[in-house]
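# Structural overview for review
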Amino acid sequence: MSDVLARLRAMQAGDVPVTGGRTLAYVYDSGLAEVDRVGREAVAAYAGSNGLDPTAFPSLLRMENELVAFAAGLLDGPETVVGTVTSGGTESVLLAMQTARDAHPGIERPRMVLPSTAHAAFHKAAHYFGVEPVLVDVGPDFRADPAATAAAIDDRTVLVVASAPSYAHGVVDLVTEIAAAAAERGVRCHVDACIGGWVLPYAARLGRDLPPWTFAVEGVTSISVDLHKYAYAPKGTSILLHRTPALRRPQYFASAAWPGYTMLNSTMQSTKSGGPLAGAWAVVQSLGDEGYLDLTRTVLEGVDRLVAGIAELPRLRVVVPPDSTLVALETDGSCDVFTVTDAMARAGWYVQPQLSFGGHGPTLHLSLSAATAAHVPEFLAALRGAVDGAVAAGPVAVDPGVADFVRALDPATLSDDDFDGLLAAAGLLGDPGAGIALPEAMAPVNALLDLAAPALREALLTAFLDRLQRP
Ligand SMILES: Cc1ncc(COP(=O)(O)O)c(C=O)c1O
């Protein structure tokens, strides 16, 4: 038995670390080992519990209500506010949209108005639930444009979306104006605070100047906020809050149309592990309001030091001053972010490349954690080295033949043969029809993807994942 766990740990050693503050996407690290331990033990204690039935597992119901109450306090929820713990940001977003759609059964071809910077989870929701996304360009400051948003609302609109903040650029949309425009038309307004919802309220208390975005803003009908991001909880929890029970009601699904138990669900899952909920509850109880205030102070000081340090670095700049803990960097063209990303990985730092989009070049995404703050000088030194190396190496070369091949591909008809041809040209193909290994260097792959239009990127990456997921 102990051999199994040893094998597990050996495999895990190849993953990016989830503690230590050197992984600047996907994981959020408080740096507090004791809090992590309590969270892990709570997950383990509830791994077999089933959140399907609160009458059988009343402790899960109690923990859920306590977490929702904490979040409601943080987000200026009125007396009427209600909420549900979900499995993550995407599920909260899916449910916000499903609820908005089902509140209007009379609208045959529903639409939602999204800033172009809204998280891809909204596109997934549109795809799953048959709601047409109406995309609105953001302004030069990367914030959603309230006038353009208002103009895009029509009789078919069931939801208007704003971000607090947006993932790619880290800025908070002008929620007051956007929610007012939605309310004027009687349309719901969802604020996606999945990544910022547990940071921004503390940032405001610490005196940071931020546009308002919580339930204090009239017209905001729902907010999503993830516990597994800046509440520093183990993975698998987010909260979707609605201003009133009536707004939440279409979220519930019940079916008595079979001979078994009447299925009654508030989320997309039916059977669901109690582990993540218990883990989140334990972490939130351990840290409490003061704990989060301290962690927010720490991480924001880290962001300030990072932004000041970047200003001293040649060849890199911050795309837009960050409103919270997310920073996007761009180069001056003398090097490419993909080579920088790989060099950072070799130096032990995980940073996330973002491909060119909407007339803007590729960027580097950094999600800072409280645990990163103390290491900002080391991070900056590594970044300087990575940039120098990338300048010396020159921009990552994409073989012109491969580039032409990619440009000629039609995403609507990408066949297995096309994809095999591309993998072979990129030197990634193993045995025909078999799986492929993860590439050593990502820069050539990212540079290739960067040449492709979004629809082709989607098709290529889907084919790539399909090849990776072979037993
Ligand atoms: C603003 C925003 N919304 C939604 C999501 C989706 O969350 P998840 O990855 O937990 O499904 C994210 C993830 O980073 C996010 O930043």
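Placed above this text is the structure.
What this report covers is the structure whose coordinates are included nearby. (Residues numbered from 1 in each chain as written. Predicted model: local features only at pLDDT ≥ 70, side-chain atom pairs only at ≥ 80, totals over all residues. Heavy atoms only, no water.)

## Overview of the site of the ligand
Near the ligand you find G88, G89, T90, H119, P165, Y167, D192, C194, I195, D226, H228 and K229, and these make up its full shell. One nitrogen or oxygen atom from the side chain of D226 is found 3.4 Å from an oxygen atom belonging to the ligand. Within the side chain of H228, one N or O atom sits 2.8 Å away from an oxygen atom of the ligand. Expressed as a share of its isolated accessible area of 390 Å², the protein-covered part of the ligand is 84%. Here the shell around the ligand is built from residues that sort into four nonpolar, five polar and three charged. (Near = heavy atom within 4 Å. Polar contact = N/O pair within 3.5 Å; in protein donor to acceptor, adjacent residues only side chain to side chain. Areas by Shrake-Rupley, 256 points an atom, 1.4 Å probe, with all protein chains shown as cover. Nonpolar A, V, L, I, M, F, W, Y, C, P; charged D, E, K, R; others polar.)

## Observations concerning the packing of helix α2 (residues 33-45) against helix α10 (residues 275-312)
The interhelical angle for the contact between α2 and α10, taken along N-to-C directions, is 150 degrees, at an axis separation of 7 Å. Between α2 and α10, the crossing angle belongs to the class labelled roughly antiparallel. Between α2 and α10 lies a crossing whose hand is right-handed. In contact with V35, V38, G39, A42 and V43 of α2, α10 contributes G275, A278, G279, A282, V283, S286 and L287. For the contact of α2 with α10, a count of residues per class yields eight nonpolar, four polar and no charged. (Axes fitted to C-alpha atoms, helices over the stretch in contact; angles between N-to-C directions. Helix = DSSP H or I, 4+ residues; strand = E, 2+ residues; numbered from the N terminus. Parallel < 35°, antiparallel > 145°, perpendicular 65-115°, else oblique. Left-handed = near helix turned anticlockwise from the far one by under 90°. Contact = heavy atoms within 4.5 Å.)

## Overview of the sheet that holds strand β11 (residues 326-331)
As summarised here, the arrangement of the four strands in space is β10-β11-β13-β12, forming an open sheet in which the pairing is antiparallel. Strands with a single pairing partner mark the edges of an open sheet, and in this sheet they are β10 (316-318) and β12 (352-354). Between one strand axis and the next, the sheet turns through 35 degrees on average, direction left out of account. Relative to β11, β10 runs antiparallel, the two sharing three bridges. Looking at the pairing, R317 lines up with E330 of β11. (Pairing = 2+ DSSP bridges.)

## Observations concerning the sheet that holds strand β1 (residues 82-86)
Spatially, the seven strands line up as an open sheet ordered β1-β7-β6-β5-β4-β2-β3, and their pairing is mixed. Edge strands, defined here as strands with exactly one partner in the open sheet, are β1 and β3 (132-136). Averaged over neighbouring strand pairs, the angle between their axes works out to 20 degrees when direction is ignored. As defined by bridge partners, strand β6 (residues 222-226) adjoins strand β7 (residues 238-242) across five bridges and the pair is classed as antiparallel. Across the sheet, I223 pairs through a bridge with L241, a residue of β7. Along the sheet, helix α5 (residues 121-129) contacts β2 (111-115), β3, β4 (157-163) and β5 (188-192); its crossing angle with β2, the most-contacted strand, is approximately 165 degrees. The strands that helix α7 (residues 175-184) touches are β4 and β5; relative to β5, the one it contacts most, it runs at about 155 degrees.

## Thoughts on the pattern of salt bridges
Considering all chains together, one arrives at 22 salt bridges under this definition. With a closest N to O distance of 2.8 Å, D102 and R101 form a salt bridge. Residue classification places D102 among the partly exposed positions, given a relative accessible area of 31%. The class for R101 is partly exposed, based on a relative accessible area of 24%. R143 serves as the salt-bridge partner of D141, at 3.4 Å between the closest nitrogen and oxygen. Residue class for R143 comes out buried when judged on its relative accessible area of 16%. Residues joined by salt bridges that share partners form a network here, namely R111, E132, D154 and R156. (Salt bridge = Lys/Arg side-chain N within 4 Å of Asp/Glu carboxyl O. Buried < 20%, exposed > 50% of the residue type's maximum accessible area, 1.4 Å probe, protein only.)

## Structural notes on the pairing of β6
Burial within β6 is extensive, with five of its five residues counted as buried. Where β5 and β6 come together, three bridges link them in parallel fashion. Note on β6: the bridge partner recorded for V191 is I223. Note that the unit made of β5, helix α8 (residues 200-205) and β6 has a crossover that is right-handed. (Right-handed = clockwise from strand over helix to strand, strands pointing away.)

## With respect to the packing of helix α11 (residues 337-346) against helix α13 (residues 376-393)
Where α11 meets α13, the axes come as close as 8 Å, and the angle between the chain directions of the two elements is 130 degrees. Put simply, α11 runs oblique to α13. α11 and α13 meet at a crossing whose hand is right-handed. For the pair α11 and α13, contact is made by T339, V340, A343 and M344 and by F379, A382, L383, A386, V387 and A390, respectively. Per-class residue counts for the contact of α11 with α13 are nine nonpolar, one polar and no charged.

## Things to note about unusual backbone geometry
With omega at -10 degrees, the peptide bond leading from A164 into P165 counts as cis. Residue Y26 is not a glycine yet carries a positive backbone phi of 75 degrees. With respect to the element layout, Y26 can be found in the loop between α1 (2-12) and α2.

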